[in-house]
Number of protein chains: 2
Amino acid sequence: MTRSSLLTAALAATLLAPALAADPPAGTAAPRTTQEVLDASATSDWRTPDPADTLYLDLEAGRVVIELAPAFAPDHVENIRTLARGGFWNGTSVYRSHDNFVVQFGDADADDGTKAKPLGRAKTALPAEFERDARGLAFHALPDRDGWAPEVGFANGFPAARDGADGRAWMAHCYGALGAGRGNEADSSNGAELYVVTGQSPRQLDRNMSVVGRVIRGMELLSALPRGPGPLGVYDDPARRTPIRAITLAADVPEAGRERIEVLRTDTDTFDAYVESRRNRRDTFYKRPAGHVDLCNIAIPERTPQDGRG
Amino acid sequence: MTRSSLLTAALAATLLAPALAADPPAGTAAPRTTQEVLDASATSDWRTPDPADTLYLDLEAGRVVIELAPAFAPDHVENIRTLARGGFWNGTSVYRSHDNFVVQFGDADADDGTKAKPLGRAKTALPAEFERDARGLAFHALPDRDGWAPEVGFANGFPAARDGADGRAWMAHCYGALGAGRGNEADSSNGAELYVVTGQSPRQLDRNMSVVGRVIRGMELLSALPRGPGPLGVYDDPARRTPIRAITLAADVPEAGRERIEVLRTDTDTFDAYVESRRNRRDTFYKRPAGHVDLCNIAIPERTPQDGRG
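Residues numbered from 1 in each chain as written. Chains lettered and ligands numbered in written order. Predicted model: local features only at pLDDT ≥ 70, side-chain atom pairs only at ≥ 80, totals over all residues. Heavy atoms only, no water.

**Observations concerning empty space enclosed by the protein**
Applying the stated criterion to the full structure yields five cavities of 30 Å³ or more. What lines the largest cavity is simply Arg145, Asp146, Gly147, His292 and Asp294 of chain A together with Arg145, Asp146, Gly147, Trp148 and Asp294 of chain B. Taken together, the residues that form the lining of the largest cavity break down as one nonpolar, three polar and six charged. (1 Å grid on protein atoms, 1.4 Å probe; cavity = no way out; pocket = protein on both sides within 12 Å on 5 of 7 lines; lining within 4 Å. Points joined across faces, edges and corners; volume = space filled by probe spheres on them. Nonpolar A, V, L, I, M, F, W, Y, C, P; charged D, E, K, R; others polar.)

Set out below in structure tokens:
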């Protein structure tokens, strides 16, 4: 027996789209692998995030690209744009890396009135934007049940949840979610101190924090940062913090200098087929397809467009 | 307004056990914070893992402690003991770090018949141990529903799931789960190439892989390893792999040299109270307790016993 590449084979199989496990029932579309779905996607299945909603977080190791969510957190997003334009984060740091939870960044001295960096033209306080009216929000529901919320799915390209009983909707704390740190008071955030989920989705934070966006590229630059000491993962030693060169709004960068990035739309038949390919893995590695997927197990594909410009 | 430590406050609040948000209904026990539950725990609420089921994975950066699960994967565990006793992993490496998924370690040349390290006295092939008969297994169920399995909870201290319809039980791929890599065939694992879950719980692997144990201390030494290049996270460049000094069975270490570690039992009233404290966060930071927790959001506490020996 040749020993194969073990778990690696699982992913190779998924990515290389081998034979299907079984023929589909007559009259139904053939189940497809994830790679088959993506290979068959049309240009219209992809979208380019608005540069006015796109942040570049530049570390020494590279660039993290973030998409902001003004439909969920308009006041926070506006303040974040103002902070970025004022250069607030340039020279600040990632000062916390809490294993299986979050990284947090901004002004490590924000709590010290004598050292805190001024916010410039940005507001010093914002209302809580934990959730919003579900009306007027196009919500693309998942077929599977969720333990944390009555209904989950995607809205404006972001993982989200909805409660039909009270008519509210909110963004979910999945891997890569960007949230606004706050104190004990609900309205004590200003968008200057931000966190990104790097561990098992802490959905208990849903409806308790203002989620303001999502990392769409470069998560590995945040998720692999050495964990800080102690239970909260905060680096008390400034030398261990990760410097932030700059956070820039893409709209403030000349077009030729912007990242070229497309994200799979979440409101299309292609996306539904993609989700189905994650619910039931259709390659020879999986012996028992799950018939289920959790909201936060659905990574939203992104790509660099191949249009001859690159 | 003094700006507080933002999200940090959430955890400080959780850990420092502030006032409850509200009085409990008459006739019910007062809800407690996680810290209050742990502070009130009895010696009998904690267990010491069997040294015959405990592995020390030594990296240059420190030690990872693993508990093996012979009740779920007896053949794999026996082979892993044999491999450890034979020094199989000494001088091997962590050769894969796949963002939001797994790290994998063992012999990076396992797939190359001309370079593969011999397994010594260990078996070269094992049966699949994806699941077992649920009878005879003490299963401590969680109150909350799960999307992936009919029932979830803990068995022998490990996150697990059960299906009453077919009478089967299996270990769940939660953060820290240790599994045996394999090829496309279900019975192609031998326990030499192992993976540890470092990302959002990939429960789609449940009942598809032999889960053989769980990391009980030192996850941050694995989870923060730089991600490998490419979609599978494998380091093709040997210089980027993380060397493994040794993997040793604790039973083979003189008692005085063993790690002193206790794990919270999962079959006690204290554990139920701990779970409840995670289902509904009872501190002033949380404005809306979730009333739910997912199996893989329940970190099992461990501690160094304070018995005067230390």
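Still more ground to cover, so stick around.
**What about the sheet that holds strand S1 (residues 46–47) of chain B?**
Strand order across the open sheet formed by three strands is S1-S15-S16 (chain B), with antiparallel pairing between neighbours. Looking at the sheet topology across the chains shown, the edges are occupied by S1 and strand S16 (302–303) of chain B. (Pairing = 2+ DSSP bridges. Helix = DSSP H or I, 4+ residues; strand = E, 2+ residues; numbered from the N terminus.)

**Remarks on the relation of the copies chain A and chain B**
Between the two copies of the chain lies a rotation about an axis combined with a shift along it. Screw-axis analysis of chain A against chain B gives a translation of 0.0 Å along the axis, an RMSD of 0.0 Å, and a rotation angle of 180°. Taken together, the rotation angle and the small translation identify this as a two-fold axis. Here 99% of the interface residues in chain A have copies in chain B that are interface residues too; the copies meet face to matching face. (Least-squares fit on C-alpha atoms with pLDDT ≥ 70 in both. Contact = heavy atoms within 4.5 Å.)

**Structural notes on the sheet that holds strand S9 (residues 158–163) of chain B**
Residues and elements named next belong to chain B. An order of S6-S10-S9-S8-S7 is seen for the five strands of this open sheet, with the pairing classed as antiparallel. The outermost strands of the open sheet, each flanked by one partner alone, are strand S6 (132–133) and strand S7 (140–141). Here strand S8 (residues 151–155) runs beside S9; their pairing, made up of five bridges, is antiparallel. Within S9, the residue paired with Ala155 across the bridge is Phe158.

**A look at the environment of Val293 of chain B**
Mapped onto the fold, Val293 of chain B is located in the loop between helix H5 (269–279) and S16. Since its relative accessible area comes to 2%, Val293 of chain B is described here as buried. The spacing of Val293 of chain B and Pro143 of chain B is 150 residues in sequence and 9.0 Å in space, taken between C-alpha atoms. In this structure Val293 of chain B touches Trp148 of chain A together with Asp144, Val275, Arg278, Arg279 and Ile298 of chain B, once residues within four positions along its chain are discounted. (Buried < 20%, exposed > 50% of the residue type's maximum accessible area, 1.4 Å probe, protein only.)

**Thoughts on the state of the cysteines**
Residues and elements named next belong to chain A. The full count for this structure, using the stated rule, is two disulfides over all chains. Across the disulfide, Cys174 is cross-linked to Cys296 (sulfur-sulfur distance 2.0 Å). Here the disulfide of Cys174 and Cys296 is left-handed, its torsion about the S-S bond being about -70°. With a gap of 122 residues between them, Cys174 in the loop between strand S10 (168–171) and strand S11 (177–180) and Cys296 in the loop between helix H5 (269–279) and strand S16 (302–303) connect regions that are remote in the sequence. Overall, Cys174 belongs to the buried group, its relative accessible area being 5%. (Disulfide = S-S within 2.5 Å.)

**Comments concerning the interface of chain A and chain B**
Between chain A and chain B, the residue contacts involve 75 residues of the former and 74 residues of the latter. Inspection of the chain A/chain B interface yields zero salt bridges. Scanning the region where chain A abuts chain B turns up 22 residue pairs in polar contact (both at pLDDT 80 or more). Counting residues per element, the ones that place at least two in the side of chain A that touches chain B are helix H1 (7–16), strand S4 (93–98), strand S5 (102–106) and helix H4 (219–223) of chain A. (Salt bridge = Lys/Arg side-chain N within 4 Å of Asp/Glu carboxyl O. Polar contact = N/O pair within 3.5 Å; in protein donor to acceptor, adjacent residues only side chain to side chain.)

**Concerning the pairing of strand S13 (residues 210–217) of chain B**
All names here are of chain B. Of all eight residues making up S13, eight are buried, and the element is well covered by its neighbours. Across four bridges, strand S3 (residues 62–68) lies against S13 in antiparallel orientation. In the sheet register, Glu67 faces S13, and the bridge partner there is Arg214. Pairing geometry for strand S11 (residues 177–180) and S13, over four bridges, is antiparallel. Paired with Ala180 across the bridge in S13 is Ser210.

**Structural notes on the confidence of the model for chain A**
Averaged over every residue, the pLDDT of chain A is 91; the share at 70 or more is 89%. Under a pLDDT of 50 for its full length, residues 1–25 of chain A has, in the predicted model, 74 contacts with residues more than four places off or in other chains. (pLDDT = per-residue confidence, 0-100.)

**A look at the packing of aromatic side chains**
As enumerated under the stated definition, the model contains eight aromatic pairs over all chains in all. Considering the side-chain rings of Phe271 of chain B and Tyr274 of chain B, the 5.9 Å spacing of their centres and the 35° angle between planes classify their relative orientation as tilted. Of the two residues, Phe271 of chain B and Tyr274 of chain B both sit in helix H5, three residues apart, roughly one turn of that helix. The burial state of Phe271 of chain B is the same as that of Tyr274 of chain B; both residues are buried. Aromatic ring contacts, followed pair by pair, group Phe154, Phe271 and Tyr274 of chain A into a single cluster. (Phe/Tyr/Trp six-rings, centres within 6.5 Å; stacked < 30°, edge-to-face > 60°.)

**Points about the pattern of salt bridges**
This model, assessed by the stated rule, comprises 38 salt bridges over all chains. Where Glu131 of chain A meets Arg168 of chain A, a salt bridge forms, and the shortest distance between an N and an O atom there is 3.0 Å. One end of the pair, Glu131 of chain A, is in the loop between S5 and strand S6 (132–133); the other, Arg168 of chain A, is in strand S10, with 37 residues separating them in the sequence. Two residues, Asp133 of chain B and Arg135 of chain B, come together in a salt bridge whose shortest N-O distance is 2.8 Å. According to the relative accessible area criterion, Asp133 of chain B is partly exposed, its value standing at 28%. Residue class for Arg135 of chain B comes out exposed when judged on its relative accessible area of 68%. Within the structure, one salt-bridge network assembled from shared partners comprises Glu131, Asp166, Arg168 and Arg207 of chain A.

**Quick notes on helix H3 (residues 74–85) of chain B**
Residue and element names in this part refer to chain B. Its 12 residues place the ends of H3 17 Å apart at the C-alpha level, agreeing with the 16 Å of an ideal helix rising 1.5 Å per residue. Residues of H3 that are buried include every one of His76, Val77, Asn79, Ile80, Arg81, Leu83 and Ala84, and no others. Contacts from the buried residues of H3 go to strand S2 (54–59), S3, S11, strand S12 (194–197), S13 and strand S14 (242–249). (Expected span 1.5 Å × (residues − 1).)

**A closer look at the side chain of His292 of chain A**
Tracing the backbone shows His292 of chain A in the loop between H5 and S16. A residue is classified by how much of its surface remains accessible, and His292 of chain A, at 3% relative accessible area, is buried. Beyond its immediate chain neighbours, meaning those up to four positions away, His292 of chain A contacts Asp144, Arg145, Arg278 and Arg279 of chain A together with Gly147 and Trp148 of chain B.

**Structural notes on unusual backbone geometry**
Only a minority of non-glycine residues have a phi that is not negative, and only a minority of peptide bonds are not trans. All names here are of chain A. The phi angle at Asn100 is positive, at roughly 60°, despite the residue not being glycine. Mapping Asn100 onto the fold places it in the loop between S4 and S5. One non-glycine residue, Arg207, lies in positive phi territory at about 65°. By the element assignment, Arg207 lies in the loop between strand S12 (194–197) and strand S13 (210–217).

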